[in-house]
Structures are given as C-alpha cells and as structure tokens.
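A closer look at the structure
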Amino acid sequence: MTTKIDTDVVVVGGGIGGLGSALALTRAGVRVRVLEQATEFGEVGAGLQMAPNATRILRSWGLLERVVARGVVPQRLAMRDAVDGQELTHLDLADVERRYGAPYVVIHRSDLHAILLEACREAGVELVTDAAVTGVELGPDRAVALGDGRHDGGRIVLAADGLGSRLRRRLSADEPVSSAYVAYRGAVPLEDLPDTGGLALHEVVVYVGPHCHLVQYPLRRGEMFNQVAVFRSPRALAGEEDWGTPDELDTAFADTCEAVRSALPNLWRDRWWRMYDREPIDGWVDGRLALTGDAAHPMLQYLAQGACQALEDADCLAAQVGKQAGAEQLDRNTLDRDTLDRDTLDCDTIDWDTALRDYADVRTARTARVQRTARAWGDLWHCDGLFRSVRNAMLRDREPTDYRYVDWLYGV
C-alpha cells in the first residue's frame, strides 16, 4: 500500500454518528477527516428524543446548553392507549433528570446535526463533501478510504455510513431486516395547526395501539409540533413492493380514538419511511476498519435510542484511544476548543488495534441489547386482544417511580 497517512482517522459519513465520532476524537487530540458523499452536510427527518445517557455526553462535550436552547425539555413522557385514549403510565422527566444526572431533551434532527457540525468546525475537524466512499484498503498499520478518485489514508477508517453501509459488507454479508412497519412524520409550526386545545404541549406522548402507534412532542422551543404515525403494512406482509402508502395509513388508524385520528391530516403524505434494522453482529472491526452508529447497530425506534447509541459509540471510542495513548489522567470533560492541546496524544504511539478491539468489546454487547429490546418493545406497543388488556393492566399498575426497565439504559 503506497497511499500515505495524511490524517489519523478518516470518518466515512457526515451524519449525527459520524460528526459525533469526529468531534469526540478531535477533542481527545486526534486529527480527523470526515468524508460526506452529499454535496453539503445536512440531515433529513424530524424530531429526536435525547435521553440522559446521550445528554450527559453532550454536556461533557460542552454542547448541552446549545441543544437545550434549540430544543425542548419536556415535563413528562406519557403512554396512552390509542384505542380509548386513556393514560397507561408515565415518567416524570424532572425526576428522570434528578435520578440520572442529565435532562431528557427533544430536538429537531437537523438542529442537533447543525450543532455537531458547528462544533466540529470550531474544533478543527476537516470536513469534506461530495466524497462518496465505495471501499477501503487495509494494511497492517493504516487504512485507506477509496472512491471517486480519492485515496484518504489514515491510521483507521471509521464507517459511519448508516443502515445501508457499504463498508459493513467487509465484516458481514447480512442485509437490513424489514419490520413491515412504516412511519409518517410531520413537524409543523404550532401556529399552522388548526386546533391545539387537546395537545400536550409540554410532554412526549405515545399512543400505543394494535399494530400502530402515534408519537407527539414539541420542538424548537415549543414553536413547532412533531408527530409520527407508525403502522404495520399488510402489503409488506404479503410481499408486495408498493407498501406503506397513504391509504394504508388511514386504514391502520381507523379504529383509534379521536385524538389520534385528528393528527393524521397534519402528517406529510408525500413521503414515508419504511422501518428496518439488522441482526446484531459481534464483528465490528476488520484490521484498521471499524463500524459505528447505524452502520454497526441499526435499530427500530421504540426506545428512541438510535442517535443516543451513536453518541455513546463516539464517546467510547475516544476514551479507548485516549487510554491506549496513556492519557487516562486527562479529564476530557474539562477540555474545550480554547484549551485543547493536540499534542496531548502522540498518535504514533497509540495502540490503535487494541483501542478498536476494546471499543468493539464494550459496545457490541450493549447495542445488541438495545436492538433486541427495541424489537420487544415494539411487540408490546402493538399487541391486540387479550395481550393488549394484560399490557394495559400491567402499565396502569406501574408506579411512576419504578425505573427498573430503564435504569440499564439511561443510567450508564
């Protein structure tokens, strides 16, 4: 291999996971280049829920104040039955913040992405657009991202190229798994909604129903309202190619309560998102190539942990790199762009192979649990008949201060 190493880490993909990894590694004293295939950096979608396991990390990066300023800190997370509209259980999110030491924040996906992009620029991350990567060439002490005439050499290549990751194919022949569910979203200015009288404008509300659910919460300092309707497509189950269409949306929610049905006209009907994940895999590392974010562990949305787990990946990898550089004594939480000293890490002496191995060892078990639990929660949300009655009774019996099912997730 003749391509020179011209940076320490090449990150393939400029989404939330890629930028988070770039920022965390740069804060640790590593030179990072991000390659984004689009002509400009940006994100599509609507809202994100950022639980305490993620907002603690954002605070350590000095970004939590920016996130809170652009988002909303809701008061409660409530679950309701989509058929009769009755509340089943809730979390007091002020109590959640006290328990886990960080807030629960909802924010527009593009706003979080913009905050991370701004922070990367401030930290000195090299950001490259119009740079599609089609493969990687690996050597004993380096890796080269290949594509579109580019040869970007680094000590490692980090694949943050999402659900359909090309680079994951070096490690696994698996394919995305269709859940047969589809999501319709709508994030609109509050003033554009015809009637806000029945909306919970300071809460995250989830209506769970037979093979469908609706999520609602405010965004952008309460000036915008986000709604997501998810349902199982009979056409997907039948193997048809044209599935998840608006007529299926209306049919799926026909038997839900008025509060749910009244949300449907405010969704975007010209686009929809089919819901996929993948089976967990143990192998995230091939030589000097490693996976992160959705390239490593794409998950269904029922725990609202996709972006949160990508930030955990980033924080963990940066910690392992620092550890292998002998930098355990550094308090990374006190570093900011004005005090960051790139000489704190001698990248020539870092044991990159051990750092990647330890990163994967830590993260594969946790993310596999999140992936599998997300699937199980989807089954719980969407049950019908006797199982729905049992679920509702159990949730109504739950004490609001019972955190046994989220301690493992939020309390890391």
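Residues numbered from 1 in each chain as written. Predicted model: local features only at pLDDT ≥ 70, side-chain atom pairs only at ≥ 80, totals over all residues. Heavy atoms only, no water.

1. With respect to the pairing of strand β5 (residues 87-92)
Note: strand β4 (residues 76-81) against β5, 5 bridges, orientation antiparallel. For Ala 78, the partnering residue across the bridge sits in β5 and is His 90. Linkage of β4 to β5, two consecutive antiparallel strands, is achieved through a turn of 5 residues, within which Gly 85 is found at a positive phi near 80 degrees. (Pairing = 2+ DSSP bridges. Helix = DSSP H or I, 4+ residues; strand = E, 2+ residues; numbered from the N terminus.)

2. A few points about the sheet that holds strand β8 (residues 135-138)
Pairing in this open sheet of 3 strands is antiparallel, and the strands run β8-β9-β10 from one edge to the other. The two strands at the open ends of the sheet, each matched to only one other strand, are β8 and β10 (150-154). Taken pair by pair, the neighbouring strands of this sheet meet at an average axis angle of 25 degrees, ignoring direction. (Axes fitted to C-alpha atoms, helices over the stretch in contact; angles between N-to-C directions.)

3. Focus on helix α5 (residues 109-123)
For α5, built from 15 residues, the straight-helix expectation of 21 Å at 1.5 Å per residue is met to within 8% by its first-to-last C-alpha distance of 21 Å. For α5, every residue scored as buried is listed here: Asp 111, Leu 112, His 113, Ile 115, Leu 116, Leu 117, Ala 119, Cys 120 and Ala 123. On its buried face, α5 sits against α1 (16-27), β3 (47-50), α2 (52-60), α3 (64-70), β6 (105-108) and β7 (126-128). One or two residues past the end of α5 sits Gly 124, with phi positive at roughly 95 degrees. (Expected span 1.5 Å × (residues − 1). Buried < 20%, exposed > 50% of the residue type's maximum accessible area, 1.4 Å probe, protein only. Contact = heavy atoms within 4.5 Å.)

4. Regarding the confidence of the model for the protein chain
Residue-level pLDDT values for the protein chain average 93, and 94% of them are 70 or greater. Taken together, the stretch residues 327-343 has pLDDT below 50 and engages in 24 contacts with residues farther than four places along the chain or on a different chain. (pLDDT = per-residue confidence, 0-100.)

5. Describing the pairing of strand β1 (residues 9-12)
What you see with β1 is no split at all: Val 9 and Val 11 on one side and Val 10 and Val 12 on the other are buried throughout. Relative to strand β11 (residues 156-159), β1 is paired through 4 bridges, and the arrangement is parallel. Within β11, the position partnered with Val 11 by the bridge is Leu 158. Sheet topology places β1 next to strand β2 (residues 32-35); 4 bridges connect them, and they run parallel. Each bridged residue has a counterpart across the sheet, and for Val 9 the counterpart in β2 is Val 32.

6. With respect to the environment of Leu 199
Locating Leu 199 in the fold gives a position in the loop between β12 (177-189) and β13 (203-209). For Leu 199, a relative accessible area of 21% translates into the label partly exposed. For the pair Leu 199 and Pro 218, spaced 19 residues apart in sequence, the C-alpha to C-alpha distance is 9.7 Å. Look past the residues within four positions of Leu 199 in its chain and what remains in contact with it is Leu 193, Gln 216 and Phe 225.

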